[in-house]
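Fold and contact review
Below, each chain spelled out in residue letters.
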Amino acid sequence: MSRVAFSIGNIHIYWYSICIFLGMLTASILIFRESKRQKIDEDFLINLLFYTILFGLLGARLYYVIFNLAYYTKHPLEILAVWNGGLAIHGGIFAGLAFIIYYCHKNSKDFFQILDIFVIGLIIGQAIGRWGNFFNQEAYGPITSITALKNLKLPDFIINGMYIDGFYREPTFFYESLWCFIGFIILLLLRKRKNIKRSQLTSFYLIWYGLERVYVEGLRTDSLMLGGLKVAQLVSLLFIIAGFTIYIYSLKTSTKKKKTNQRWSICIKK
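Described in the following lines is the structure provided in the data block. (Residues numbered from 1 in each chain as written. Predicted model: local features only at pLDDT ≥ 70, side-chain atom pairs only at ≥ 80, totals over all residues. Heavy atoms only, no water.)

**Examining the environment of Asp156**
Definition in use: Each helix is a run of H or I in the DSSP string that is no shorter than four residues. Each strand is a run of E no shorter than two, and both are numbered from the N terminus.
You can see Asp156 is positioned in helix 8 (residues 156-161). Sequence separation of Asp156 and Val214 is 58 residues, and the distance between their C-alpha atoms is 28 Å.

Right, dumping it as structure tokens:
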């Protein structure tokens, strides 16, 4: 399977780059549509989205390079070769989140309102972007058999693509892509509920993606490591804890507001 989608002279366009671009484009379109519906200032959003994507990409690459520093100190020019893979989503999330916090504070915007909009785009972007790993033949799981892959009812092109270095591998990229797509559908449904509270979409994303990544990372054979521990599993556990914390906080805040409104209502009637 060729990693190159097409070539223009000596310039090669890789499937990995196309998948990442399509993921970002789809995410951006959804974020714009939802922001317009919620009447978010367009100039604010354009600047926020542009720099969030920029810092997200830089953060994703830097995160990956740091955890593979022994290799990149010997091959420094490879740091620029992002078409070969090596964008760690957790690094992108952290860098993008840092900029969103800064920019929302600077412009006096509701931080969680913005995050609730962004996570819907983010999760479908991840679902699409993971296919870049398929074309690069990376982010795969342990050795398996062709029979086991066929039992999963996978299309032949995925099964054939999972034949790597003489062995069939578990398509962990596909597990994550499918999980993110399901999460995207659930987020769309949750968004339509009248009783959904501010920050609860964000909390769902953190818990949903965190649970999946803890499991899938346990299968992957190319994980970023910190000593004997898989970094992505540790970060995903933090995501889950943060998600539950945000959810509980949103419930408490909602309860306080309801009690306050009830007191005001009683005072008005009196």
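Let us keep going from here.
**Quick look at a nonpolar patch on the surface**
Here is the rule we go by: Patch membership needs two things, relative accessible area over 30% and no salt bridge, and members are linked within 9 Å if like-charged or within 5 Å if nonpolar (Val, Leu, Ile, Met, Phe, Trp, Tyr). Accessible surface is estimated by sampling points in the Shrake-Rupley manner with a 1.4 Å probe; for residues, cover comes only from the protein chains shown. For this document, the term salt bridge refers to a Lys or Arg side-chain nitrogen within 4 Å of an Asp or Glu carboxyl oxygen.
There is a patch of nonpolar side chains on the surface, built from Phe50, Tyr51, Leu54, Phe55 and Leu58 and spanning about 480 Å² of accessible area. Along the chain, Tyr51 falls in helix 2 (residues 42-66).

**Regarding the sheet that holds strand 5 (residues 167-169)**
To keep things clear, this is the line we draw: Here, any two strands with at least 2 DSSP bridges between them count as paired.
Taken together, three strands build an open sheet; the order of strands is 3-5-4 and the sheet is antiparallel. Only two strands of the sheet have a single neighbouring strand rather than two, namely strand 3 (143-144) and strand 4 (163-164). Relative to strand 5, strand 4 is paired through two bridges, and the arrangement is antiparallel. Counterpart to Tyr163 in the pairing with strand 5 is Tyr168.

**Points about the packing of aromatic side chains**
Note the following rule: Aromatic contacts are taken between Phe, Tyr and Trp rings whose centres are within 6.5 Å, Trp giving its six-membered ring; a plane angle under 30 degrees counts as stacked, one over 60 as edge-to-face, and the others as tilted. Burial here depends on accessible area, computed with a 1.4 Å probe over protein chains only, as a share of the maximum for the residue type. Under 20% is buried, over 50% is exposed, and the range in between is partly exposed. Sitting over a ring, as applied to charges here, requires NZ of Lys or CZ of Arg to be within 6 Å of the ring centre and within 35 degrees of the ring normal.
Using the criterion set out here, one finds 26 aromatic pairs in the structure. Both rings, one in Tyr63 and one in Phe67, keep their centres 5.1 Å apart while their planes meet at 55°; by these two values the pair is tilted. The class of Tyr63 is buried, set by a relative accessible area of 14%. When the ring of Phe99 is compared with that of Tyr103, the centres are 5.4 Å apart and the planes differ by 15°; the resulting orientation is stacked. One end of the pair, Phe99, and the other, Tyr103, are both in helix 4 (residues 89-106), four residues apart, so they sit about a helical turn from each other. Phe99 sits in the buried class, given a relative accessible area of 11%. Owing to a relative accessible area of 12%, Tyr103 belongs among the buried residues under this scheme. Chaining the aromatic ring pairs together yields one cluster made of Trp15, Trp131, Phe134, Phe135, Phe157, Phe173 and Phe174. Above the face of the Phe44 ring, Lys109 is positioned so that its terminal group lies 5.3 Å from the ring centre.

**Overview of the pairing of strand 1 (residues 4-8)**
One ladder, built from four bridges, connects strand 1 with strand 2 (residues 11-14); its direction is antiparallel. Residue pairing across strands places Val4 opposite Tyr14, the latter belonging to strand 2. In this structure, the hairpin formed by strand 1 and strand 2 is closed by a connection of two residues, where Gly9 is found at a positive phi of approximately 65°.

**Here we look at the nonpolar core**
Condition: The criterion is simple. A nonpolar core is a set of buried Ala, Val, Leu, Ile, Met, Phe, Trp, Tyr and Cys residues joined through side-chain atoms within 4.5 Å. Working rule for contacts: check all heavy atoms of both residues, and any pair within 4.5 Å makes them a contact.
Within the largest apolar cluster, 38 residues are counted, with the highest numbers of intra-cluster contacts made by Phe44, Leu48, Ile100, Ile114, Phe118, Ile123 and Tyr205. Those elements that provide at least two residues to this core are helix 2, helix 4, helix 5 (111-129), helix 9 (172-191), helix 10 (200-219) and helix 11 (231-269). Sorting elements by how many residues they give to this core places helix 5 first, with ten residues. Apart from residues lying up to four places away in sequence, Leu48 is in contact with Phe99, Ile100, Tyr103, Ile114 and Phe118.

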